[in-house]
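Chain and residue survey
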Amino acid sequence: MTGPRTSRYARDVAVVAFAQSDHLRRTDELSEVEMVMPVLHEVLAATGLKAGEIGFTCSGSSDYLAGRAFSFTMTLDGVGAWPPISESHVEMDGAWALYEAWVKIQTGEADTALVYSYGKSSPGSVRDVLTRQLDPYYLAPLWPDSVALAALQARALIDAGETDEPALAAIAARSRADAGANPHAQLRGAVPQGDHQVRPLRTGDCPPIGDGAAAVVLAAGDLARRLCERPAWITGIDHRIEAHGLGLRDLTDSPSTRTAAEHAGLFDAPVDTAELHAPFSSQEVVLRKALRLGDTVAVNPSGGALAANPMMAAGLIRIGEAAARIHRGASDRAVAHATSGPCLQQNLVAVLEGDRA
């Protein structure tokens, strides 16, 4: 093997294993620890590593979903309390936990990392919880929920002539048809578009509410090749943020996604796969334009966030799904995207490549 096509960093780092739970509407019978533990065991078993052999552990979750402070400390029971570990946590989607772990490996302080994330959205009202992301002075007191804000973005796209309701319905139908081959997806096959939630978005244009978890293992250099037959090398990764105020942004475009893609080297060569964290069908329109994705690119072959959207894990799953396609030889160069905040406010882009023979 000659290694990844390009390398712009001090160390070559790859995703060597990925696992996820079945994503369900409710998991009342499971605690967060019970939901996460099988996923951690599965991803470690795929590499043959034990928890004590991992150099760094980083998790992503939200205390707002759990309704209690420092809830993430309890899920560390799923990792194991002994031997002591080097551990960190981000109050973000697990994609940002992966970014922190990747930086840790770049510094040379670790050669391997376990990254996991999870979310139980079923106990409360996600639409209300997500209003806490908004500007606390002008927007949050009005309690506009995530669907209403996404509908504003969809309406802006329709008014600009960049899409229409039938095109959005086609995105949703394609995503859930592709999810038919994904045993972990919450929604699979033909799913009716349903009634309008907030015009112009129908039920089918919105992500399902559900519970789930995911985990990946990162490794550097030759160790990655020993742990995985075909590692998914992270040849570029970057994240950027838009202005917090929605009135300061053009909702039909995503400059932060484009900038992150440029810094990650996405436009240096074609990609064959794109796993986009687009919780609403209209957001795929924005991301396709920002990432310059043509019709030949397989977009969300896993079904994407329209088929399963576990809060705080859906972005990490996009990276994991893209890596898994490289592992099994279904992709050679892929882009994975994760987002957080209203209307694609924060965006992370990772480029993954397989070894060339």
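Residues numbered from 1 in each chain as written. Predicted model: local features only at pLDDT ≥ 70, side-chain atom pairs only at ≥ 80, totals over all residues. Heavy atoms only, no water.

- Naming follows an unreviewed UniProt entry, where the protein chain appears as Lipid-transfer protein of Streptomyces amritsarensis.

**As for the pairing of strand 11 (residues 333-340)**
- Of all eight residues in strand 11, eight are buried, a share of seventy percent or more.
- Of the two faces of strand 11, the one lined by R333, V335, H337 and T339 and the one lined by A334, A336, A338 and S340 are each fully buried.
- Here strand 9 (residues 273-275) pairs with strand 11 via three bridges, running parallel. Considered in strand 11, the bridge of E275 is made with A336. (Buried < 20%, exposed > 50% of the residue type's maximum accessible area, 1.4 Å probe, protein only. Helix = DSSP H or I, 4+ residues; strand = E, 2+ residues; numbered from the N terminus. Pairing = 2+ DSSP bridges.)

**With respect to the packing of helix 1 (residues 32-47) against helix 3 (residues 72-79)**
- Their axes nearest at 8 Å, the elements helix 1 and helix 3 cross at an angle of 40 degrees. In this view, helix 1 runs oblique relative to helix 3, as classed from their interaxial angle. Crossing angle aside, the handedness with which helix 1 passes helix 3 is right-handed. The segment helix 1 lies against helix 3, with E32, V33, M37, L40 and H41 engaging M74, T75, D77, G78 and V79.
- Within the contact of helix 1 with helix 3, the residues separate by chemical class into five nonpolar, three polar and two charged. (Axes fitted to C-alpha atoms, helices over the stretch in contact; angles between N-to-C directions. Parallel < 35°, antiparallel > 145°, perpendicular 65-115°, else oblique. Left-handed = near helix turned anticlockwise from the far one by under 90°. Contact = heavy atoms within 4.5 Å. Nonpolar A, V, L, I, M, F, W, Y, C, P; charged D, E, K, R; others polar.)

**A look at the packing of aromatic side chains**
- Within the structure shown, the criterion is met by three aromatic pairs.
- Note on Y99 and W102: the rings are 5.8 Å apart at their centroids and 40 degrees apart in plane angle, and the pair reads as tilted. Remark: W102 and Y99 occur in helix 4 (residues 94-106); sequence separation between them is three residues, near one turn of the helix.
- For Y99, a relative accessible area of 21% gives the class partly exposed.
- Arranged with centres 6.5 Å apart and planes meeting at 15 degrees, the rings of Y116 and Y118 form a pair that is stacked.
- Exposure remark for Y118: the relative accessible area of 2% places this residue in the buried category. (Phe/Tyr/Trp six-rings, centres within 6.5 Å; stacked < 30°, edge-to-face > 60°.)

**Observations regarding unusual backbone geometry**
- Omega for the peptide link from R199 to P200 comes to 5 degrees, which places this bond in the cis form.
- Phi angles above zero are rare outside glycine, and M312 is one such case at about 75 degrees.
- Looking at where M312 falls in the secondary structure, it is placed in the loop between strand 10 (298-299) and helix 11 (314-327).
- On the accessibility criterion, M312 (12% relative accessible area) is buried.
- Despite not being glycine, L344 shows a phi value in the positive range, around 60 degrees.
- Structurally, L344 can be placed in the loop between strand 11 and strand 12 (346-353).
- L344 gets classed as buried once you look at its relative accessible area, which sits at 2%.

**Things to note about the sheet that holds strand 3 (residues 87-90)**
- Strand order in the open sheet formed by 10 strands is 3-2-4-7-1-8-12-11-9-10, and the pairing between neighbours is mixed. Two strands lie at the open edges of the sheet, namely strand 3 and strand 10, each paired on one side alone.
- When strand 8 (residues 232-241) meets strand 12, the two strands line up antiparallel, connected through eight bridges. Across the sheet, I241 pairs through a bridge with Q346, a residue of strand 12.

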